[in-house]
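# A closer look at the structure
Okay, here's what each chain looks like letter by letter:
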Protein chains: 2
Amino acid sequence: MMQTPLLLTQMIERAEKYFPKKEIVSRTESGIQRFTYKQWGERTRRLASALEKLGVREGDKVGTLAWNHHRHLEAYFAIPCSGAVLHTINIRLSPQHVSYIVNNAEDKVLLIDSDVLPLVESIKDELTTVKAFVIMTDKEKLPETTLTPVYHYEELVAEGDPSFAFRTDLDENAPAGMCYTSATTGNPKGVIYSHRGTVLHTMALGLVDTAGVSEKDTALPVVPMFHVNAWGLPFAAVWFGTKQVLPGPYFTPKILAELMQEEKVTISAGVPTIWLGLLKELEQNKYDLSSLRYLLCGGSAAPRGMIKTFEEKYNIPFRHGYGMTETSPLTNISTTKSYQENLSKEEKLDLKAKQGILAPCLEMKVIGKEGEVKWDGKEMGELALRGPWIASEYFKDERTKDAFRDGWLYTGDVVTVDEEGNIKIVDRTKDLIKSGGEWISSVDLENALMAHEGIFEAAVVAVPSEQWQERPVACVVLKDEMKESVTKEEIYEFLKPQFAKWWLPDEILFLNEIPKTSVGKFLKRALREEIKEKIK
Amino acid sequence: MMQTPLLLTQMIERAEKYFPKKEIVSRTESGIQRFTYKQWGERTRRLASALEKLGVREGDKVGTLAWNHHRHLEAYFAIPCSGAVLHTINIRLSPQHVSYIVNNAEDKVLLIDSDVLPLVESIKDELTTVKAFVIMTDKEKLPETTLTPVYHYEELVAEGDPSFAFRTDLDENAPAGMCYTSATTGNPKGVIYSHRGTVLHTMALGLVDTAGVSEKDTALPVVPMFHVNAWGLPFAAVWFGTKQVLPGPYFTPKILAELMQEEKVTISAGVPTIWLGLLKELEQNKYDLSSLRYLLCGGSAAPRGMIKTFEEKYNIPFRHGYGMTETSPLTNISTTKSYQENLSKEEKLDLKAKQGILAPCLEMKVIGKEGEVKWDGKEMGELALRGPWIASEYFKDERTKDAFRDGWLYTGDVVTVDEEGNIKIVDRTKDLIKSGGEWISSVDLENALMAHEGIFEAAVVAVPSEQWQERPVACVVLKDEMKESVTKEEIYEFLKPQFAKWWLPDEILFLNEIPKTSVGKFLKRALREEIKEKIK
């Protein structure tokens, strides 16, 4: 067989050749803009040539601090397809972490959305490797800034070469991208994505039984392009010629629902918080979202009650996935096998509340208290993964040895596996509640709580117990309209039939909000601090 | 990223873990047999251990001479997943060619269907490398044979180790399979498939926009497992957990139609001759084939008229593909892009009569008289291909240098490319008719002829012409019931509105049969010989 490398260059070239008429819809600071793949391809080549003129060379890191829009998508290909490394930076991190990340990655150029300027200005004196700042804006003039040297993205593109030749001679194991994941303590940890890994991950996204991304789809990635490559959707959409709808900065559930309706979106992807927000919107206003083929949900476990409402009340199918920054990210996706078609509605919902079976190319093992767990849907263990789109290390980081052992990534997620091979996230190893020698899943309790009609969100955390080592405490946010009527006793009555007695929380606290990470996950460390006072 | 190799072992392990209940339906000499993937996986491991006991080692070639059945599918994985090389041999080749192939490949063991025994016995004294013959049969006793040493497949499997460990440590570029393609003159040419190439090709088969093979499908490969790995369907089916229906030896159109109906087949694949046969059967007897999602057609160009009948009269969707032994084989597949949904029926048929756009991961160029052709659907040129599942050479064969040049495979097929990137096979370079400095496509004329209601098959070949260099002659097989009524003049009247005058055949000959190759393609070399007399 020929030794042709697996490179991102193939993706953009395929889009230009076979799908030049297909559309990219980009919501920007000045409204909706539309580009064909042909136009976008030319702009991307112009950008690549401009970056080269700025001194970007093979292997150099180029950082982006940006929302989901066409310019970010241009950077997604201009950078890796010219041999450099696309470093997407989470704009919701603290200035200290952003500064650490840019220096740790050794970013040479930063591409910055104009509304992110203040963040970068606040740390500019700490940045040791950046040689140029490029502002991504629709406006004709650059906004005032203390950054220097500074360039206007559109001017660079205008001066660029529309026929710039992308690299087809790179090693497929060369780095194409990188992303940092926040750690429980200390600085974020960097993960490098190779061309090979991203190409294989993208192929997996096109498989019928995973995400099935197709030319016939219209994809709206709500998940940020700085959050594990928007789960790979931008790559899949370009390669397969899928129309893309990029929601831009500061979108609301209303804006999302409108975009979905107007652009006839067929697939969308985001974290549970996003979908909870959309549900609220759907309950208030009427939309025609019948074009939706599915909503993909990942990042943290999707509550069963939410899935049920989407599917049964709004007739919007749900796919539940699993992955993390270290895994490109997709590894598992919920599925109903052909012989399960006759299951009851409730049984099917149970299946969708799990994170599904492993994608082709990957291997998993689940390590419990006594070696690999039984596939019985009950025994809990830590999920370990292996495969060509799983990272092998953290970038220049000693914490590599904690997560990567014997050729496996230990995810830190505790799961069960049912007889069909579906995993179900039970907890993070560090959030699992160890009570009297047994394990209690905070996630199971949270899902049960969030299925209560009066509860908007719920997080369950461990508190120290002299007698039992740890005991669960539930933190509950009630729906606005139910704040007066739901009582603690009612919630206990609701939980009792569903769990063994010793699983029930020792306390139920009503909060106004659950603290969250920059990517929408419950920040349990902060929550434990916050409630320390209240449970004394 | 982790450096885990792409190996066929992942496919069978995934089937065993995630799809143990799914079914393989195998039509054998003693009737229909059914196996779950769990049972099949165990049998496959037993076979692998048995072959090891017979002395098969990493890199050794093991030949199969067999129809499509469960045992052949066991060999498909037992051999490569233990590091050896699966060499599928075309049982329809001449004894001389089979003997050449076995010796050229240096097969160490041959697995033989009992009805193919006479073929192998006739050449046994010429075989220089074979150390053992294994007979695949349902019968309890071995048939009488002059082969030695000879083993009974089922006895080997019974004695084998059901927990034999497959190789997970092979280099992904190691050979997994091989297949010979017949040449116009001389001996067949061997192609080696690597694990990597086959894994990537199989992933492509699972993409929505190519073959979209899924767990929800039931696949019936009519195309023989000795013909370019049944176009990869057995690999895709195992990896994605698809139910398989293997039609076994000596099937008829009636048997196929019955299997499709009874097993609720959703996808099937075969050459045009097969589908012409099925059409005849559908015209005579009534079947419920509503489960069919599509018929995949390749090997040679599918006549537009046949596609029309399937789609419009029988409501069976058609997918038209392109590929060859050297390309694993799938490279192109017909497609209707999202913005073409509103085309008329006839325009959509025109699209389906083409071989479609290139699969992801591959590159093509089409070289005409003056460099790369325009994508205008008119300019003709030779198709060249490059990519990770395209061969880079013929095995130990000097003819490598004719087809493989500058890193590309020159296919010998002449195509046009339309504005959407769809290729249309116009001819083999050697069958193209060069008339007065212009090119006439024999395939275009054949398709037009086969759309005539009285014509069953038609082949057009070049005959030498003093004035024009070459001129076309049409060889036509009429449908049985029309043999008395269709005249030459009527056919000329039918063709005239469709072609320029100088494209019209100089002669139309009525034959009883068109000679075909062992894989169902028109054997134009033989045809030219046959008609030499008739056109004097």
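One numbering rule holds for all chains: residues counted from 1, following each sequence as written. Think of it this way: whatever chain is written first is A, whatever ligand is written first is 1, and the rest follow in order. Predicted model: local features are reported for residues with pLDDT of at least 70 only, side-chain atom pairs are reported and counted for 80 or more only, and whole-chain, interface and lining totals are derived from all residues. Side-chain numbers here rest on the full set of heavy atoms in the structure, without hydrogens or water.

### Considering the packing of aromatic side chains
Two numbers describe a pair of aromatic rings. These are the distance of the centres and the angle of the planes. Only Phe, Tyr and Trp rings take part, Trp by its six-membered ring, and two of them pair if their centres are within 6.5 Å. Stacked means planes under 30 degrees apart, edge-to-face means over 60, and tilted covers everything else. This model, assessed by the stated rule, comprises 26 aromatic pairs over all chains. A centroid spacing of 4.8 Å and a plane angle of 50 degrees characterise the contact between Trp67(B) and Tyr250(B), whose relative ring orientation is tilted. In this pair, Trp67(B) is assigned in the loop between strand E3 (61-65) and helix H3 (70-78) and Tyr250(B) in the loop between strand E11 (243-246) and helix H9 (253-262), connecting sequence segments 183 residues apart. A residue is classified by how much of its surface remains accessible, and Tyr250(B), at 53% relative accessible area, is exposed. Members of the aromatic cluster, each reached through a chain of ring pairs, are Tyr37(A), Trp40(A), Tyr76(A), Phe77(A) and Phe235(A). Comment: elements are numbered from the N terminus, with helices defined as DSSP H or I runs of at least four residues and strands as E runs of at least two. A 1.4 Å probe rolled over the protein chains alone gives each residue an accessible area, and that area as a share of the maximum for its type sets the label: buried under 20%, exposed over 50%, partly exposed in between.

### Points about the sheet that holds strand E14 (residues 318-323) of chain A
Residue and element names in this part refer to chain A. When DSSP finds two or more bridges between a pair of strands, those strands are recorded as paired. Taken in spatial order, the 9 strands of this open sheet run E2-E1-E11-E10-E12-E13-E14-E15-E16, and their pairing is mixed. In the strand order of this sheet, the two ends are held by strand E2 (31-36) and strand E16 (357-358), each with one partner. Direction of pairing for strand E1 (residues 23-28) relative to strand E11 (residues 243-246): parallel, over a ladder of 3 bridges. Looking at E11, one finds that Val25 is bridged to Val245. Throughout, a contact is declared for two residues whenever any of their heavy atoms are within 4.5 Å. Helix axes are fitted to C-alpha atoms over the stretch in contact, other axes to C-alpha atoms as well, and angles between N-to-C directions run from 0 to 180 degrees. Sheet strands in contact with helix H3 (residues 70-78) are E1, E2 and E11, and its direction is about 125 degrees off that of E1.

### Focus on the sheet that holds E11(B)
All names here are of chain B. Pairing is mixed in the open sheet, where 9 strands are placed in the order E2-E1-E11-E10-E12-E13-E14-E15-E16. Looking at which strands have only one partner, the edges of the open sheet turn out to be strand E2 (31-36) and strand E16 (357-358). Pairing of strand E12 (residues 267-270) with strand E13 (residues 294-297) involves 4 bridges; the strand directions are parallel. If you follow Ala269 over to E13, its bridge partner there is Leu296. Against the sheet, H3 touches strand E1 (23-28), E2 and E11, its axis set at about 125 degrees to E1. Here helix H8 (residues 233-240) sits on the sheet in contact with strand E10 (218-221), E11 and E12, set at roughly 150 degrees to E11.

### With respect to the domain arrangement of chain A
Residues and elements named next belong to chain A. What the domain assignment lists for chain A is domain 1 (9-251), domain 2 (361-428) and domain 3 (433-534). Listed by partner, the interface residues are 8 residues for domain 2 and 11 residues for domain 3. Accessible area that two parts lose when put together, with a 1.4 Å probe and added across both, is what the buried area reports. A combined buried area of about 660 Å² lies between domain 2 and domain 3, and 54% of that area is made up of carbon and sulfur atoms. Interface area lost by domain 2 to domain 3 is led by Lys369, Met380 and Asp427, which between them contribute 65%. One side-chain nitrogen of Lys or Arg within 4 Å of one carboxyl oxygen of Asp or Glu is enough to make a salt bridge. At the junction of domain 2 with domain 3, the criterion picks out 1 salt bridge. Where Asp444 meets Lys424, a salt bridge forms, and the shortest distance between an N and an O atom there is 3.4 Å. For the purposes of these results, a polar contact is taken to be a pair of N or O atoms within 3.5 Å, where, inside protein, one atom must be able to donate a hydrogen and its partner to accept one; residues adjacent in sequence count only when each atom of the pair is a side-chain atom. Where domain 2 packs against domain 3, one counts 4 residue pairs in polar contact (both at pLDDT 80 or more). Top contributing element to the side of domain 2 that touches domain 3 by residue count: strand E22 (residues 423-428), with 4 residues. Charged residues are taken to be Asp, Glu, Lys and Arg, nonpolar residues to be Ala, Val, Leu, Ile, Met, Phe, Trp, Tyr, Cys and Pro, and polar residues to be all remaining types, Gly included. Of the residues assigned to the side of domain 2 that touches domain 3, the class counts are 4 nonpolar, 1 polar and 3 charged. All the domain ranges listed were derived from an automatic or database domain assignment.

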